Amino acid sequence: MSPRHTPWAEAAADFAIGLGPIPEADWLEGGEADPAARKDALMATHRDLVWAETPGSRAAQAQVLAMVEAATGRAAERPDLPPLYAASRLVADDLVLMQRSDAWRVGALSLSAPTFFSAEQVIGRSLAELHGPVPGFAERFGKRVERIFDGLRDGLVLQRRNWTLVNTDDLFTPRPAPIRARIGQIGPGEAGEALFLRVERQTLRRAPGGAGVVFTIRVWRDPLASLAGDAARLAAFAAAWRQATPAFRAYKGLAPYDALVEGFLRAAGE
Ligand code: HEM
């Protein structure tokens with residue numbers, strides 16, 4: 001199957017805000033038969049990694065639930081649960097409620113497909129604190145991102161996408177270390193099946209009445225082999241891989257994959 005989202009083909013591999021408006025009807029992509037089963041299983045085994053809420057966030061959580069119910073045409077099946085979690089069970093996406101106090105902070109989140117972070121790590125954090133590890137974020141993006149949050153209006157939905165490469169197709173990856181420890185086990189001919197392009201499609205929109213902002217994260221992954229057979233797509237990925245900035249490569253931990261990716265690209269004709 002061809003990758004659904006190809007952000008690596010659309011811009012040079014560097015950090016970017018990359019937020020653009022999309023039609024309201026395209027807010028959530030859907031397509032997962034039973035997200036509640038996947039999320040409930042993680043709640044049972046890893047609750048602190050996948051769920052957190054701050055006191056006083058329930059009213060805003062309920063507004064997000066109402067938005068999700070309206071968008072999906074489905075009612076929460078478990079109204080006894082915290083509203084943001086009840087909403088998250090209806091959709092494939094992870095849901096983060098951001099609320100404005102002294103800054104925009106994480107008020108509650110349901111995070112079942114984390115790319116190397118956890119709910120307990122980020123609950124209550126401001127945008128600046130969340131992005132402390134991202135090289136150049138404060139200087140290049142910090143103020144602009146806060147202004148974007150402040151300027152959201154009902155009906156405006158913004159989308160951005162990022163990408164990385166990892167040696168797993170697991171959705172639930174709170175920590176990089178156990179995954180990276182297995183890179184050495186991948187044989188040179190196995191890169192196409194063992195390495196995955198991991199794309200996060202993220203959206204941002206205001207809850208009605210302005211009680212908060214909901215940030216959604218949907219993770220898509222495709223084996224590197226999915227690039228073969230389409231020369232233009234393969235060339236676009238090769239360019240992104242080879243031209244990625246040093247800061248981007250270091251932050252995403254790409255160097256350990258170099259020999260495998262280069263071997264794959266050469267075998268595929270790049
Ligand atoms: C919508 C505006 C936002 C922008 C423009 C943005 C931008 C970024 C960028 C550029 C990165 C580096 C990885 C990448 O290329 O995506 C990143 C990482 C991250 N973002 Fe955001 N972000 C936004 C909103 C949020 C929100 C609302 C959260 C709340 C949970 C969040 C949590 C994180 C975390 C946890 C990381 C990983 C940081 C680490 O390495 O520890 N971001 N973000």
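About the cut-offs
- Counting restarts for each chain, with residues numbered from 1 along the sequence as it is written.
- Residues qualify for local features only when their pLDDT is at least 70, as the model is predicted, and side-chain atom pairs are given and counted only at 80 or more; totals for whole chains, interfaces and linings, by contrast, use all residues.
- Water and hydrogen atoms play no part in the side-chain values, which are based on all heavy atoms of the structure.
- The numbering of helices and of strands both runs from the N terminus, where a helix is a DSSP run of H or I of at least 4 residues and a strand a run of E of at least 2.
- The globule rule is 2.2 Å times the number of residues to the power 0.38, and the radius of gyration it is compared with is taken over C-alpha atoms.
- Throughout, exposure labels follow a simple rule: accessible area from a 1.4 Å probe, protein chains only, divided by the maximum for the residue type, with under 20% read as buried, over 50% as exposed, and the rest as partly exposed.
- Only the protein chains shown count as cover for residues, with accessible areas throughout obtained via the Shrake-Rupley method and a probe of 1.4 Å.
- Only four residue types enter the tally: Lys and Arg on the positive side, Asp and Glu on the negative side; His and the chain ends are excluded.
- The atoms used to mark charge sites are NZ of Lys, CZ of Arg, CG of Asp and CD of Glu.
- Salt bridge, as applied in this entry: a Lys or Arg side-chain nitrogen positioned within 4 Å of an Asp or Glu carboxyl oxygen.
- If DSSP finds at least two bridges between two strands, the strands pair.

K.L.:
Just give me the short version of the overall build of the chain, but keep the residues and values in it.
P.N.:
Scanning the chain from terminus to terminus reveals twelve helices and seven strands. A compact globule built from 270 residues should have a C-alpha radius of gyration of about 18 Å, and the chain, at 19 Å, falls within 12% of that. Taking the principal axes of the C-alpha coordinates as reference, the chain spans close to 55 × 40 × 35 Å. Among the 270 residues that make up the chain, the fraction classed as buried is 49%. In the form shown here, the chain has an accessible surface area of approximately 12,200 Å², with 54% of it arising from carbon and sulfur atoms. Taking the average location of the 32 positive side-chain charges in the chain and that of its 32 negative ones, the two points are 3 Å from each other.

K.L.:
Residue-level account of the pattern of salt bridges, with values.
P.N.:
With the rule as written, the count across this model stands at 21 salt bridges. Where Glu10 meets Arg161, a salt bridge forms, and the shortest distance between an N and an O atom there is 3.0 Å. Residue Glu10 is found in the segment before β1 (20-22), and its partner Arg161 is found in strand β5 (residues 157-166); the two are separated by 151 residues along the sequence. Here Glu77 makes a salt bridge to Arg89, at a shortest N to O gap of 3.7 Å. Of this pair, Glu77 sits in the loop between α2 (58-72) and α3 (83-88) while Arg89 sits in the loop between α3 and β3 (94-100), and the two are twelve residues apart along the sequence. Classification of Arg89 by relative accessible area gives buried; the value is 9%. Through salt bridges with shared partners, a single network forms among Asp40, Arg74, Glu77 and Arg89.

K.L.:
Break down the pairing of strand β7 (residues 213-223) for me, citing the residues and quoting the values.
P.N.:
By the bridge criterion, five bridges tie β3 to β7 in an arrangement that is antiparallel. Bridge pairing in β7 links Asp94 to Ile217. One ladder, built from eleven bridges, connects strand β6 (residues 196-206) with β7; its direction is antiparallel. Bridge pairing in β7 links Arg206 to Val213. Linkage of β6 to β7, two consecutive antiparallel strands, is achieved through a turn of six residues, within which Gly209 is found at a positive phi near 85°.

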